[in-house]
Amino acid sequence: MGTFKIEGGHRLSGEITPQGAKNEALQILCAVLLTPEKVTIHNIPDIVDVNKLILLLEDLGVKIQKKGKGSYTFKADDVNLDYLQSDDFKRDGRGLRGSIMLVGPLLSRFGKGYIPKPGGDKIGRRRLDTHFEGFINLGAKFRYNREEHFYGVEAKRLKGTYMLLDEASVTGTANIVMAAVLAEGETTIYNAACEPYLQQLCKMLNRMGAQISGIGSNMLTIQGVDQLAGTEHTMLPDMIEIGSWIGLAAMTKSELTIKNVSWKDLGLIPSVFGKLGIQIERRDDDIFIPRHKDGYEIQNFIDGSILTIADAPWPGLTPDLLSIILVVATQARGEVLIHQKMFESRLFFVDKLIDMGAKIILCDPHRATVIGHDFKSTLKATTMVSPDIRAGVSLLIAALSAKGTSTIHNIEQIDRGYEDIDTRLRAIGAKIVRV
């Protein structure tokens, strides 16, 4: 189990560039299975979860060439479908939640898709019903081996239909879209997710020859085509990383520039941090965070009541940033209620912040009230274990602002979502060592 040693209390300065978006990468990489032609993808983050998916594709028979940092070509012209039934696939596919999105393109192009029950973060139940109900609506037959926890769907050719999703699942929508692009006839997906990463997938598929309309809305219409061609695609910067660096700058009273953030795809993120009192300046396509030497003050609602920040499907606030926002609030002036609606276990890291001296009341599995210190007392260094990717980075930010040297174990969780994070933080002045 890897460990970070962090000496907190130092101001940071300089520029940091966000990696390619992890959540986009997991969708886009699965889409290469939809065509036998070459697909070139740029700005792929070098992180554990994405690298696991690339290895899975290679084991499936996809020809992969690395062209440079973050740039690869993929050619799925000789896919080994027998691998899907192998013990290796049942083992390796289980270790990555994003592997579920292999099923849609495999089913659409080859008539069958299988997956072991995937793992991932311990952040509550994350069901797969939306994915498989979508495939069944398209005409696939579903089977499940309870003993091996192994799912399968099969169809000679999928047929387009109308469907109303029971939840606006991002991965579920992506999976169904990838299944529908080669289906016969028209598919309408209502209550579809519309996150920028899903928009990126749809735009890429259209460049490959798909016919998807309604991109960016919650109703997608897909005219099935017989085949797709190759293309070239560049991924967006990771909005969760951008939010992480905004929070880091505020908590450490640092002056930071976050480069090439794709402002038009950030949605509510800048305004939500603004409600915490954090100054954010737009400089071309960069974000500049000035030093908050006098701290930052949480806004109340206009009637004077306590501010509530809650997650919601896009264009609401992404749930992946709530843990960062909670940490940042611990040093604000004022109070805020954090309401994590979409996952029931994501706030269970707050006990570690309380150990560091934060004033937090965990109301229930979904809500926490934070009373800010206004920097009148610093958080205290401690030893902790990273429970998942986002909580792990939140604890890292807390440690960088704390007085003394903190230890974070199980940093493999952080590595799953953040590329070479310790090296990049050292480049802007952080005192962090990987043990």
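Predicted model, so just to flag it, every value in this text is computed and none were measured.

Give me the packing of helix H5 (residues 129–137) against helix H6 (residues 170–180): which residues, what numbers.
When two helices pack together, you describe them by how their axes are tilted relative to each other and by the distance separating the axes. Look at H5 against H6: their axes get within 8 Å of each other, and the N-to-C directions meet at 20 degrees. By the angle between their directions, the pair H5 and H6 is classed as roughly parallel. Crossing of H5 over H6 shows right-handed handedness. Together, Thr 130, His 131, Gly 134 and Phe 135 of H5 and Thr 171, Gly 172, Asn 175, Ile 176 and Ala 179 of H6 make up the contact between the two elements. Grouping the amino acids of the contact of H5 with H6 by side-chain chemistry returns three nonpolar, six polar and no charged.

Which residues make up the state of the cysteines, and what values do they have?
Summed over the entire model, instances satisfying the criterion amount to zero disulfides. Free of any disulfide, Cys 194 has its nearest neighbouring cysteine sulfur in Cys 202, separated by 10 Å.

Before we move on, could you go through the packing of aromatic side chains and cite the residues and values that matter?
In the structure shown here, the tally under the stated rule is ten aromatic pairs. Plain terms: the ring middles of Tyr 296 and Phe 375 are 5.8 Å apart, the flat faces sit at 80 degrees to each other, and that makes the pair edge-to-face. Placement of Tyr 296 in the loop between strand S16 (286–289) and strand S17 (307–310) and of Phe 375 in the loop between strand S20 (367–371) and strand S21 (383–385) is noted, with a sequence separation of 79 residues between them. Here Tyr 296 falls in the buried class, since its relative accessible area comes to 1%. Clustering of aromatic rings is evident, with ring pairs tying together Phe 132, Phe 135, Phe 142, Tyr 144 and Tyr 151. Positioned above the aromatic ring of Phe 375, the side-chain terminus of Lys 253 is 4.4 Å from the ring centre.

Go over the pairing of strand S18 (residues 335–339), please, and point to the residues and values.
Relative to S18, S17 is paired through four bridges, and the arrangement is parallel. Of the residues in S18, the one forming a bridge with Leu 307 is Val 336. Handedness of the crossover joining S17 and S18 through helix H10 (residues 322–329) is recorded here as right-handed.

Can you lay out the pairing of strand S10 (residues 186–190) for me, pointing to particular residues and giving the numbers?
Of the strand pairs in this sheet, strand S9 (residues 162–164) and S10 are connected by three bridges, and their pairing is parallel. Bridge pairing in S10 links Tyr 162 to Thr 188. Where the polypeptide runs from S9 across H6 and back to S10, its parallel neighbour, the crossover connection is right-handed. Pairing geometry for S10 and strand S12 (residues 219–223), over five bridges, is antiparallel. The residue of S12 that forms the bridge with Tyr 190 is Met 219.

Give me the packing of H10 against helix H12 (residues 389–401): which residues, what numbers.
Relative orientation of the contacting elements H10 and H12 amounts to 20 degrees, with a least axis distance of 8 Å. As the angle between them shows, H10 and H12 are arranged roughly parallel. Considering how the two elements wind past one another, H10 and H12 form a crossing that is right-handed. Taking contact as the criterion, the partners of Ser 323, Ile 324 and Val 327 in H10 are, on H12, Arg 390, Ala 391, Val 393, Ser 394, Ile 397 and Ala 398. Of the residues that constitute the contact of H10 with H12, the class distribution is six nonpolar, two polar and one charged.

Please provide a residue-by-residue account of the confidence of the model for the chain, values included.
Here the chain shows a mean pLDDT of 94. Residues at 70 or above account for 98%. Across residues 120–125, where pLDDT falls below 50, the model places 16 contacts with residues more than four positions away in sequence or in other chains.

Analysis parameters
- Residues numbered from 1 in each chain as written.
- Predicted model: local features only at pLDDT ≥ 70, side-chain atom pairs only at ≥ 80, totals over all residues.
- Heavy atoms only, no water.
- Axes fitted to C-alpha atoms, helices over the stretch in contact; angles between N-to-C directions.
- Helix = DSSP H or I, 4+ residues; strand = E, 2+ residues; numbered from the N terminus.
- Parallel < 35°, antiparallel > 145°, perpendicular 65-115°, else oblique.
- Left-handed = near helix turned anticlockwise from the far one by under 90°.
- Contact = heavy atoms within 4.5 Å.
- Nonpolar A, V, L, I, M, F, W, Y, C, P; charged D, E, K, R; others polar.
- Disulfide = S-S within 2.5 Å.
- Phe/Tyr/Trp six-rings, centres within 6.5 Å; stacked < 30°, edge-to-face > 60°.
- Buried < 20%, exposed > 50% of the residue type's maximum accessible area, 1.4 Å probe, protein only.
- Lys NZ or Arg CZ within 6 Å of the ring centre and 35° of its normal.
- Pairing = 2+ DSSP bridges.
- Right-handed = clockwise from strand over helix to strand, strands pointing away.
- pLDDT = per-residue confidence, 0-100.

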